[in-house]
Amino acid sequence: MKELNNELKAIAEGIDDKKGHGTKVIDLRRCGDTICRYLVICEGNTPTQVHAIAEGIGNKMRELCDERPLAVEGMRHCLWVAMDYADIMVHIFVPDSRQFYDLDHLWEDGEIVMEEKQDDRR
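Residues numbered from 1 in each chain as written. Predicted model: local features only at pLDDT ≥ 70, side-chain atom pairs only at ≥ 80, totals over all residues. Heavy atoms only, no water.

Enquirer: Explain the sheet that holds strand β2 (residues 38–43) to me, please; I cannot follow it from the model alone.
Expert: Backbone-to-backbone hydrogen bonds pair the strands of a sheet. The strands run either parallel or antiparallel. Spatially, the six strands line up as an open sheet ordered β3-β4-β5-β2-β1-β6, and their pairing is mixed. Of all the strands in the sheet, the pair left with one neighbour each is β3 (71–73) and β6 (111–115). Across the sheet, the axes of successive neighbouring strands diverge by a mean angle of 15°, strand direction being ignored. With five bridges connecting them, strand β4 (residues 80–84) and strand β5 (residues 88–93) associate as antiparallel partners. Note on β5: the bridge partner recorded for Ala-82 is His-91. (Pairing = 2+ DSSP bridges. Helix = DSSP H or I, 4+ residues; strand = E, 2+ residues; numbered from the N terminus. Axes fitted to C-alpha atoms, helices over the stretch in contact; angles between N-to-C directions.)

Enquirer: What is the right way to look at helix α2 (residues 47–65) in this model?
Expert: Helical geometry: 3.6 residues make up each α-helical turn, so side chains three or four residues apart lie on a common side. Taking 1.5 Å of rise per residue, the 19 residues of α2 would be expected to cover 27 Å, and the 26 Å separating its terminal C-alpha atoms lies within 8% of that figure. Burial in α2 covers these residues: Gln-49, Val-50, Ile-53, Ala-54, Gly-56, Ile-57, Gly-58, Lys-60, Met-61 and Cys-65. In the stretch just after α2, Asp-66 is the one whose phi turns positive, near 55°. (Expected span 1.5 Å × (residues − 1). Buried < 20%, exposed > 50% of the residue type's maximum accessible area, 1.4 Å probe, protein only.)

Enquirer: Looking at this model, I keep getting lost on the nonpolar core. Mind explaining?
Expert: The nonpolar side chains of a soluble globular protein tend to be buried with one another. Ranked by size, the top nonpolar core spans 22 residues in total, and within it Ile-11, Val-40, Ile-57, Met-83, Ile-88, Val-90 and Ile-92 carry the most contacts. Those elements that provide at least two residues to this core are α1 (2–17), β2, α2, β4 and β5. At six residues, α2 tops the list of elements feeding residues into this core. For Ile-92, the residues in contact, after removing those within four places along its chain, are Cys-42, Val-50, Ile-53, Ala-54, Ile-57, Leu-79, Trp-80, Val-81 and Met-83. Membership of the second largest hydrophobic core comes to eight residues, among which are Leu-28, Cys-36, Leu-39 and Leu-103. (Core = buried A, V, L, I, M, F, W, Y, C linked by side-chain atoms within 4.5 Å. Contact = heavy atoms within 4.5 Å.)

Right, here's the structure in full:
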């Protein structure tokens, strides 16, 4: 668990470094069959910022945890980027996509372990 906390901290640092906002970390371990243990959701204001956040997370995870994602999807348009770190899935959205797909609500059965209000960073 301590190792996972370091990964979550590195991800949060990568988000903060690129001024991402609306960050939410959801613990899914009590939800039964899930593909990961933690879900991290955040957003950037534009596709360019979403791209920068994804790169920032990748850089921090390599630098601080020596981890690389198993897969990254969505970098072409950067409206929704998903990064798979096995036990942690990171979703980075532009605001309209986050609202439309509503992953926050979809995984509401999970325990929210960290939440930054959506308007805290704007």
